[in-house]
Amino acid sequence: MRGPHVGPDLAAGLGPLSAQALHESATLLRRHYELDRWLSGGGDRVRSAIVFETDDQRTTRLVLKVVPKVDGPLGEAAFARHRRAYDEAPVAFAADHLSALVNEPIRVDDGSWIVFETIAGDDSEDVEALGVLLRTMLGGPASPGGRTPCDPREFARACGQLVGGILDEWVERPRTAARPLSVADFVRRHLPERIESGTVLHQLSATHTGDWITLDGDGGRAPNPFALLEGAFYGDEVTVRVLAGKAHGNLRPENVLVRVRPSLCGTLFHLLDLARYEPDGALTRDPVGLVLHITEQALGVLGDLERSALIDALVQPEQGRLAMLPGWLAAVLREVSDACARWLKGSGLQPEWRRQWLLSLVGTALRFTGAASDRPKERDWFLRLAASAVGRFMELVPVVDHRDTPVTAPPVCPGGASERHVLPTRPWSMIGRSGLVGELLTSLTVARPVRQVIRGLPGIGKTTLLAALANDPTVRSSFDHVLWTALGPAPSLADCLQSWRDGLVGERGTPASRQNLAEEVRWLLRDRTALLIVDDVWDVEHALCFDVGGPRSTVVFGTRLTSVAELLAHDESEIVVVGPLDEQSAGDLLRRTAPRMTREHPETAACILGELEGSPLAIRVAGRLLETELRRGFDLSSIVADVLSLRSVLASRAPTDRFDAQEGVLPTVEALLRQSTSLLDPADRDRFAMLGVMAAKPATFDTAAIAAIWESEQIWRPLRRLLDRGLLEPTSSINRYWLHSLLAAHARDLLESAP
């Protein structure tokens, strides 16, 4: 005699309401259901499992899914869509990759539905849900039976094979839909049933009004994605030629089974839950949805800097900061992007795909924003992603104001010989700099100076300030062009100018000499308003090669060298000195970088802040070191002494936004400082090293003390050279100077390593 109609393990996982509904149906139809294994975790929105269904004649292995309540005639439309997807697919694709619905759907009292699907390929022993493999990589159980470990490289490859297989075998060829859509309508198609009055997403939109919003971590205003849904920026005047075809509509890892035996193979995949199938759906929706579902589960293991880098990588996959992401996640993004690129090859539709990818990011990220309403950190990240995708779309597609007044969307240099010539990403934090940013914005957009020079110590935040200006919407709307380059001690001037020229004309040109490129850029900008930003200047002559704007342009230079700043500025009013953070801002930055450490060890935090003298670079590195120690369960006493002496800070890698894409390295803090001291002659380097013994905080000293340490009365020429290099700063007192604690620690290292 058989046991209960619903096995106890299956009933426990389904929950009381779903188990009762299944029990009643099974009793009427004289069926029995036993659990084989779960395909989804307990926290997943859609519960799915492989089960044994037994009636009087046979036993069949099926996929059981509990589909959450959706407003509308789900019992009719959703299941009709699933059957239509199966019927309309190429015969071979349906047989190999799609599951067929069997039995009648079972309605649960809470409005959800229980549905059954066949297993495409028919051998459940050899398949596993992609979601199970993902949880394995992120530290969860391999599977309920612990049978399926997952190699990250194989997982990433499987994601690319899945996307490539769908595009190649199901969609087959790129084509555009017969009817174009407005920008707002295209995005809304990613948000069925989620933007109606009373929904969570609708409530969130009420808290973000206006065309522009301010989001934490963005360093300025950002376009409001909710406003885009209402027709802002483009109205009905800009339309989207939709790349359309057969689309799954809900391509999440839990809806994909992949072959795992004898090895993981993404080309042998099986798609479940086709309730949102569209025969003419937006084709960017599925790959974007897959990537963001994977991203959602990965956010928990990413730090703040990695989350910011992930936004850049998603919004600009061809130029994003993949090197700053965990290797497996970067590989997933690359594999999916490469699969899409291979499918598009020869079609000429890459620009349309690029723009529609961004709009799919907006719509899908907003969907996740609503779903994460009870997880503020994840909700805010997805909203930042949506806003960033809108911002990037606005760079590619000129804005048309919804009041029917054209607004120029300034063309931005799209990149030339290397990544260091594209606009930088928005800064991770602008704590303590909002006032200075506001002053500079007023100067650049109202006063319109011919030249501005930003000077400051290494790691004090010059690049952060310039990046905030380059990305500020006020700047972007005030200038026809915003161009950026970062030089360094040994730049390729022709490459940098080539990238500006290519960005202005919109195509890669033939390499030319520096002089010819400068003349061409000057001619292109002759009657335009342009903001030219030249960061990390070490040589005045290098900088002047980029003073190529017309009479309505402004050039802004950033440098750590006092002598360079003084030579570039026409007068003192053109120099802006970026100083250390004040005490309150330094504390705020440390609290953001190391929230647990500052909360649990306030005395240690106060000591650290006293030693770091308001250096954003030092605060972020020290905070990261201490927070990491706490996360690993270590006692802070083992590292505090090294942090207070700044020895461990110097040896640590700089924050990931200091990644040098040109060289492919993330330098240490010491390497950043050594750039300044390595250009000194040996005698001056020794003199600088001797100043490291000035241990007081702050380390200020007069010329008499310098003469005593150097054992020489002839101090004025070498002192001037150190001041010119920005290694010393004058104080308000005559003949008295200040050495920042970070530079003092570097000087002590040089002294200790001297032969």
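Quick caveat: nothing in here was measured; it's all calculated off a predicted structure.

A. Quick look at the nonpolar core. In terms of nonpolar packing, the biggest core is built from 105 residues, with Phe155, Tyr234, Leu271, Leu361 and Leu385 touching the most fellow members. Here this core gets 11 residues from one element, more than from any other, and that element is helix H12 (residues 327–344). Within the second largest apolar cluster, 79 residues are counted, among which are Val475, Ala605, Ile715 and Leu728.

B. Up close: unusual backbone geometry. Phi at Asp536 takes a positive value of approximately 55°, unusual for a residue other than glycine. Within the secondary structure layout, Asp536 lies in the loop between strand S17 (530–535) and helix H20 (540–544). Notably, Glu711 is not glycine yet its phi reads approximately 55°, a positive angle. With respect to the helices, strands and loops of the structure, Glu711 is situated in the loop between helix H30 (703–710) and helix H31 (716–724). Judged by its relative accessible area of 73%, Glu711 is exposed.

C. How the structure looks around the sheet that holds strand S5 (residues 113–117). Read across the open sheet, the 5 strands follow the order S1-S2-S3-S5-S4; overall the sheet is antiparallel. Pairing within the sheet leaves two strands with one partner each, and these edge strands are strand S1 (32–38) and strand S4 (101–107). Averaged over all pairs of adjacent strands, the angle between strand axes in this sheet comes to 30°, irrespective of strand direction. By the bridge criterion, 8 bridges tie strand S2 (residues 47–54) to strand S3 (residues 59–67) in an arrangement that is antiparallel. What sits directly across from Arg47, in S3, is Val66. Strands in contact with helix H2 (residues 16–29) are S1, S3, S4 and S5; relative to S4, the strand with the most contacts, it is inclined by about 120°.

D. Structural detail: the packing of aromatic side chains. Taken as a whole and assessed by the stated rule, the structure comprises 11 aromatic pairs. Plain terms: the ring middles of Phe155 and Trp328 are 6.4 Å apart, the flat faces sit at 70° to each other, and that makes the pair edge-to-face. Taken together, the residues span a long stretch of sequence, with Phe155 in helix H6 (residues 152–171) and Trp328 in helix H12 at a distance of 173 residues. With relative accessibility at 0%, the residue Phe155 sits in the buried group. Between Tyr234 and Phe393, the aromatic rings sit 5.4 Å apart at their centres with planes inclined by 80°, giving edge-to-face as the arrangement. Placement of Tyr234 in the loop between helix H9 (225–229) and strand S10 (239–240) and of Phe393 in helix H14 (residues 376–396) is noted, with a sequence separation of 159 residues between them. The residues Tyr234 and Phe393 share a single accessibility class, namely buried. Joined through ring pairs, the aromatic side chains of Phe93, Trp170, Phe269 and Tyr277 make up one cluster.

E. Up close: helix H15 (residues 434–447). Its 14 residues give H15 an end-to-end C-alpha distance of 19 Å, which sits within 8% of 20 Å, the value for a rise of 1.5 Å per residue. Residues Leu436, Val437, Leu440, Leu441, Ser443, Leu444 and Thr445 constitute the buried set of H15. Close packing links the buried residues of H15 with strand S15 (451–456), helix H16 (462–471), helix H17 (473–478), S17, strand S18 (554–559) and strand S19 (575–578). In the segment just after H15, Arg448 is the residue with positive phi, at about 55°.

F. The sheet that holds strand S13 (residues 265–271), seen in detail. Taking strand neighbours across the sheet as the criterion, the 3 strands line up as S6-S12-S13 in an open arrangement whose pairing is antiparallel. Two strands bound the open sheet, and with one partner strand each, they are strand S6 (127–129) and S13. Taken over all neighbouring pairs, the strand axes of this sheet differ in orientation by 35° on average, direction set aside. Direction of pairing for strand S12 (residues 256–259) relative to S13: antiparallel, over a ladder of 4 bridges.

G. Geometry of the confidence of the model for the chain. Averaged over every residue, the pLDDT of the chain is 83; residues scoring 70 or more account for 88%. Looking at the elements of the chain, mean pLDDT is at its lowest for helix H3 (residues 74–88), recorded as 70, and at its highest for S18, recorded as 95. Every residue in residues 72–76 scores below 50 in pLDDT, and together they form 5 contacts with partners more than four places removed in sequence or on other chains. A low-confidence stretch, residues 142–147 (pLDDT under 50), is modelled with 12 contacts involving residues beyond four sequence positions or located in other chains.

H. How the structure looks around the pattern of salt bridges. Across all of its chains, the model carries 26 salt bridges by this definition. Residue Glu254 is joined to Arg135 by a salt bridge in which the shortest nitrogen-to-oxygen separation is 4.0 Å. Of the two residues, Glu254 sits in the loop between strand S11 (244–247) and S12 while Arg135 sits in helix H5 (residues 130–137), which places them 119 residues apart along the sequence. Of the two residues, Glu254 and Arg135, both sit in the buried class. A salt bridge links Arg528 to Asp480; its shortest N-O distance comes to 3.6 Å.

I. Inspection of the environment of Ala232 at higher detail. Take Ala232: it is sitting in the loop between H9 and S10. Looking at Ala232, the relative accessible area reads 5%, which means it is buried. Separated by 21 residues in sequence, Ala232 and Asp211 place their C-alpha atoms 6.8 Å apart.

J. How the structure looks around the packing of helix H29 (residues 682–690) against helix H32 (residues 741–753). Contact geometry of H29 with H32 gives a least axis separation of 7 Å together with a crossing angle of 115°. The way H29 lies across H32 gives a crossing that is left-handed. In this structure, H29 uses Arg685, Phe688, Ala689 and Met690 to contact H32, whose residues at the interface are Leu743, His746, Ala747, Leu750 and Leu751. Grouping the constituent residues of the contact of H29 with H32 by class yields 7 nonpolar, 1 polar and 1 charged.

K. Expanded view of the packing of H6 against H12. Relative orientation of the contacting elements H6 and H12 amounts to 20°, with a least axis distance of 8 Å. As far as their axial angle goes, H12 and H6 are roughly parallel. Handedness of the H6/H12 crossing: right-handed. Side by side, H6 and H12 meet where Pro152, Phe155, Ala156, Arg157, Cys159, Gly160, Val163, Gly164, Leu167, Asp168 and Val171 of the first sit next to Trp328, Ala331, Val332, Glu335, Val336, Ala339, Cys340 and Trp343 of the second.

L. Broad picture of the side chain of Arg455. Here Arg455 is to be found in strand S15. What makes Arg455 buried here is its relative accessible area of 9%. Polar contacts involving the side chain of Arg455 include one to the side chain of Glu729, which spans 2.9 Å. The contact partners of Arg455, leaving out residues within four places of it in the chain, are Lys462, Thr559, Leu561, Thr562, Ala565, Val576, Val577, Val578 and Glu729.

What counts, and where the lines are drawn
Residues numbered from 1 in each chain as written. Predicted model: local features only at pLDDT ≥ 70, side-chain atom pairs only at ≥ 80, totals over all residues. Heavy atoms only, no water. Core = buried A, V, L, I, M, F, W, Y, C linked by side-chain atoms within 4.5 Å. Buried < 20%, exposed > 50% of the residue type's maximum accessible area, 1.4 Å probe, protein only. Helix = DSSP H or I, 4+ residues; strand = E, 2+ residues; numbered from the N terminus. Pairing = 2+ DSSP bridges. Axes fitted to C-alpha atoms, helices over the stretch in contact; angles between N-to-C directions. Contact = heavy atoms within 4.5 Å. Phe/Tyr/Trp six-rings, centres within 6.5 Å; stacked < 30°, edge-to-face > 60°. Expected span 1.5 Å × (residues − 1). pLDDT = per-residue confidence, 0-100. Salt bridge = Lys/Arg side-chain N within 4 Å of Asp/Glu carboxyl O. Left-handed = near helix turned anticlockwise from the far one by under 90°. Nonpolar A, V, L, I, M, F, W, Y, C, P; charged D, E, K, R; others polar. Parallel < 35°, antiparallel > 145°, perpendicular 65-115°, else oblique. Polar contact = N/O pair within 3.5 Å; in protein donor to acceptor, adjacent residues only side chain to side chain.

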